[in-house]
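Summary of structural features
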Amino acid sequence: MSLNLGSFLAPATLFSIRGGVHPETRKYLTADCAIETMPVPPLVRVPLQQHIGVQAEPVVVRDDFVLKGQLIGKARGPVSANVHAPTSGRVIAVGHFTAPHPSGLPVPTITIRTDGQDTWGDRLPRLRPEDATPEEIAARVAEAGIVGMGGATFPAAVKLNLRDRYPLRTLIINAAECEPYLTCDDRLLQEHGEEIADGAGIMARALGVGEIVVAIEANKPKAVAAMRRHNLGLGLKLRVKVVPTQYPMGSEKHLVKVVTGLETPARALTAELGVVVHNAATAQAVHHAVRYGEPLVSRVVTVSGKGIRRPANVRVLIGTPVADLLEHCGGLVEEPDRLLLGGPMMGMPIANRRVPLVKGTNGVLALTRAETRKADVMPCIRCGTCVQACPCGLTPFEMNAKIQADDLDGAAGVGLLDCVSCGCCSYICPSNIPLVQGFNFAKGRLAERTARKHQQEETKRLAAARTAREDAIAEKKRQAMAKRKAEMAAKKAAEAVATSSEGEPAK
Ligand code: SF4
Ligand code: SF4
């Protein structure tokens, strides 16, 4: 379904979003830290699942020598992403390793002992976006293994191909960066704004839209000024919109609401409104893939929190272990209360420090006890504060009560699956109830249940198919047997007739 949008999508005014919170941003720790490049670590661990969708298939084996940018995991199916060697070295393992995820479950991972030379293999041929077709641009983005680098990790080429299904009008570059502490996109905009603008222009060309809006939160004036300097060419118009500093402004649907005034229905795509959103770092990766043929092998990560000796913005190779990055930043001042990948609102605690940084990692935070504001959990007082804060218009306390009563269907009935896990409700709750943690857990259980149900249905389907096959074979056998019997009976009858005619006296 596509909606009638009128002729102009992004008006000059801004619109407000429901709910949201204003956490202390604490961006000052790294806001002035220019992007530095971390040296090649001794080892990189590259998971084959760094994106939403089907995991990539390994195309190297142990002992293979690989060059930087070489394909090591091939995308399987349309919603999947290629994986490339982040640097040169020898593959020392193709097996399971702990995922950079709170579950700590092992995922298929390719481990490379680096040679320190960082030698590039053959890069993809350069494309001139001015001459390339939308299909060629989308194919290049897919080849380069680019995924949403704001954390969503949706394969970027899939979004670029939405032009076939929806009448698109506007590309929004998400540079809101609303999570406290994170400044990597801010620094990217300031230092590499031209590349981001170019990548945005390339994506707009692939999408067939004529308008690009770069949305930046008001607390990044230098980034706003930097982006206002860039012109695009390609006949495209780039506008910078300063959006209010309000968490979760970086949530795709909320950003679309603020910029366009259009509300994306629950579980619908913004593309249905004619709008596609890509992160600023994703746009830079597209620029490199198209102009220089470079796949996505590194990204900029904010390393921050009072537990870090030297907070920084660092360009790291994908697969770099968290421990090595922490060491690069001077190590820890004290044992952190929470060690997170991502921001403090939506970030995930990690199982151990050997886990690797992946395409979607935008931050590593070591938060001290003083920063985590932990207090005892108290009973819900039904104050309704969480309801006011929820940007999705849900009733978090009600969902929580149902989950506590083990009523997952009831929780789903009051909107659990529409929750975007922003954490506003937990942040604001005066009783310190870990609401979002409960929602994430319940969503996981629901997903597991759905997967189990699918599996049971598939088993039933396979069993029914087997029974039908066996019945068909038995029926065939029965018919063949009946045919043989009939033939034998006919033969016997013929023989009997012949015998009786032989015995007749001659006339
Ligand atoms: S904010 Fe906390 S205490 Fe208040 S209603 Fe929501 S869950 Fe209950
Ligand atoms: S975590 Fe979910 S329920 Fe809580 S405020 Fe965000 S969207 Fe609403």
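Below or above, wherever it landed, is the structure these notes cover. (Residues numbered from 1 in each chain as written. Chains lettered and ligands numbered in written order. Predicted model: local features only at pLDDT ≥ 70, side-chain atom pairs only at ≥ 80, totals over all residues. Heavy atoms only, no water.)

So, the site of ligand 1
Close to ligand 1 lie 13 residues, the nearest being Cys-380, Cys-383, Gly-384, Cys-386 and Cys-429. Looking at side-chain class alone, the shell around ligand 1 contains nine nonpolar, three polar and one charged residues. (Near = heavy atom within 4 Å. Nonpolar A, V, L, I, M, F, W, Y, C, P; charged D, E, K, R; others polar.)

Some details on the pairing of strand 2 (residues 43-47)
With five of five residues buried, strand 2 lies mostly within the body of the structure. Alternating positions in strand 2 separate into two faces, Leu-43, Arg-45 and Pro-47 on one and Val-44 and Val-46 on the other, with burial throughout. Here strand 2 pairs with strand 8 (residues 106-114) via five bridges, running antiparallel. Paired with Leu-43 across the two strands is Arg-113, which belongs to strand 8. (Buried < 20%, exposed > 50% of the residue type's maximum accessible area, 1.4 Å probe, protein only. Helix = DSSP H or I, 4+ residues; strand = E, 2+ residues; numbered from the N terminus. Pairing = 2+ DSSP bridges.)

Focus: the site of ligand 2
The local shell around ligand 2 holds 14 residues, among which Cys-390, Cys-419, Cys-422, Gly-423 and Cys-425 are the closest. Of all the elements in the fold, those that place two or more residues in the shell around ligand 2 are helix 10 (396-404), helix 12 (424-428) and helix 13 (435-502). Among the residues making up the shell around ligand 2, the classes are represented as twelve nonpolar, two polar and no charged.

Topic: helix 4 (residues 221-228)
Among the residues of helix 4, those classed as buried are Ala-223, Val-224, Ala-226 and Met-227. The arc that holds every buried residue of helix 4, seen down its axis, measures 165 degrees, which confines them to one face. The exposed set on the far side of helix 4, more than 90 degrees from its buried face, consists of Pro-221, Lys-222 and Arg-228. Structurally, helix 4 contributes buried residues whose contacts are with helix 3 (184-207), strand 10 (211-217) and strand 11 (237-243). (Arc of directions from axis to C-beta. Contact = heavy atoms within 4.5 Å.)

Notes on helix 5 (residues 252-260)
Counting along an α-helix, one turn takes 3.6 residues, and residues three or four places apart therefore face a common direction. The buried count for helix 5 comes to seven of nine residues, which makes it a mostly enclosed element. Those residues of helix 5 that sit buried are His-254, Leu-255, Val-256, Lys-257, Val-258, Val-259 and Thr-260. In this structure, the buried residues of helix 5 make contact with strand 9 (170-175), strand 10, strand 11 and strand 12 (275-279). After helix 5 finishes, the residue Gly-261 shows a positive phi value of roughly 85 degrees.

Notes on the pattern of salt bridges
In the structure shown here, the tally under the stated rule is 25 salt bridges. For the salt bridge of Arg-310 with Glu-36, the shortest nitrogen-to-oxygen distance reads 3.0 Å. A residue pair is termed long-range when its members are at least 10 positions apart, and Arg-310 in the loop between strand 13 (298-304) and strand 14 (312-317) and Glu-36 in strand 1 (residues 36-37) qualify at 274 residues. Owing to a relative accessible area of 34%, Arg-310 belongs among the partly exposed residues under this scheme. A salt bridge links Glu-475 to Arg-478; the nearest nitrogen and oxygen atoms lie 2.7 Å apart. Of this pair, Glu-475 and Arg-478 both sit in helix 13, three residues apart, roughly one helical turn. Through salt bridges with shared partners, one network takes in Arg-128, Glu-130, Asp-131, Asp-198 and Arg-291. (Salt bridge = Lys/Arg side-chain N within 4 Å of Asp/Glu carboxyl O.)

Side note on the nonpolar core
Within the largest apolar cluster, 50 residues are counted, with the highest numbers of intra-cluster contacts made by Ile-146, Leu-171, Ile-173 and Ile-216. If you list the elements that add at least two residues to this core, you get helix 1 (134-143), helix 2 (156-160), strand 9, helix 3, strand 10, helix 4, strand 11 and helix 6 (280-292). Broken down by element, the residue count for this core peaks at eleven residues, all from helix 3. Leave out the neighbours within four places in its chain, and Ile-216 touches Ala-175, Ala-176, Leu-189, Ala-223, Val-224, Met-227, Val-240, Lys-241, Val-242 and Val-243. (Core = buried A, V, L, I, M, F, W, Y, C linked by side-chain atoms within 4.5 Å.)

A few points about the pairing of strand 14
Of all six residues making up strand 14, five are buried, and the element is well covered by its neighbours. Summarising the sheet, strand 1 and strand 14 pair through two bridges and their orientation is parallel. Among the inter-strand pairings, Glu-36 is bridged to a residue of strand 14, identified as Val-314. Of the pairings in the sheet, the one linking strand 13 to strand 14 comprises six bridges and is antiparallel in character. If you follow Val-301 over to strand 14, its bridge partner there is Val-314.

Structural notes on the sheet that holds strand 15 (residues 338-341)
An order of 1-14-13-17-15-16 is seen for the six strands of this open sheet, with the pairing classed as mixed. Across the chains shown, the open sheet's two edge strands, defined by having one partner strand only, are strand 1 and strand 16 (348-349). Across three bridges, the pairing between strand 13 and strand 17 (residues 363-367) is parallel. Opposite Ser-304, over in strand 17, you have Leu-365 as the bridge partner. Sheet strands touched by helix 3: strand 13 and strand 14. Its angle to strand 13, the strand with the most contacts, is close to 125 degrees. (Axes fitted to C-alpha atoms, helices over the stretch in contact; angles between N-to-C directions.)

On their own, these measurements won't tell you what the molecule is for.
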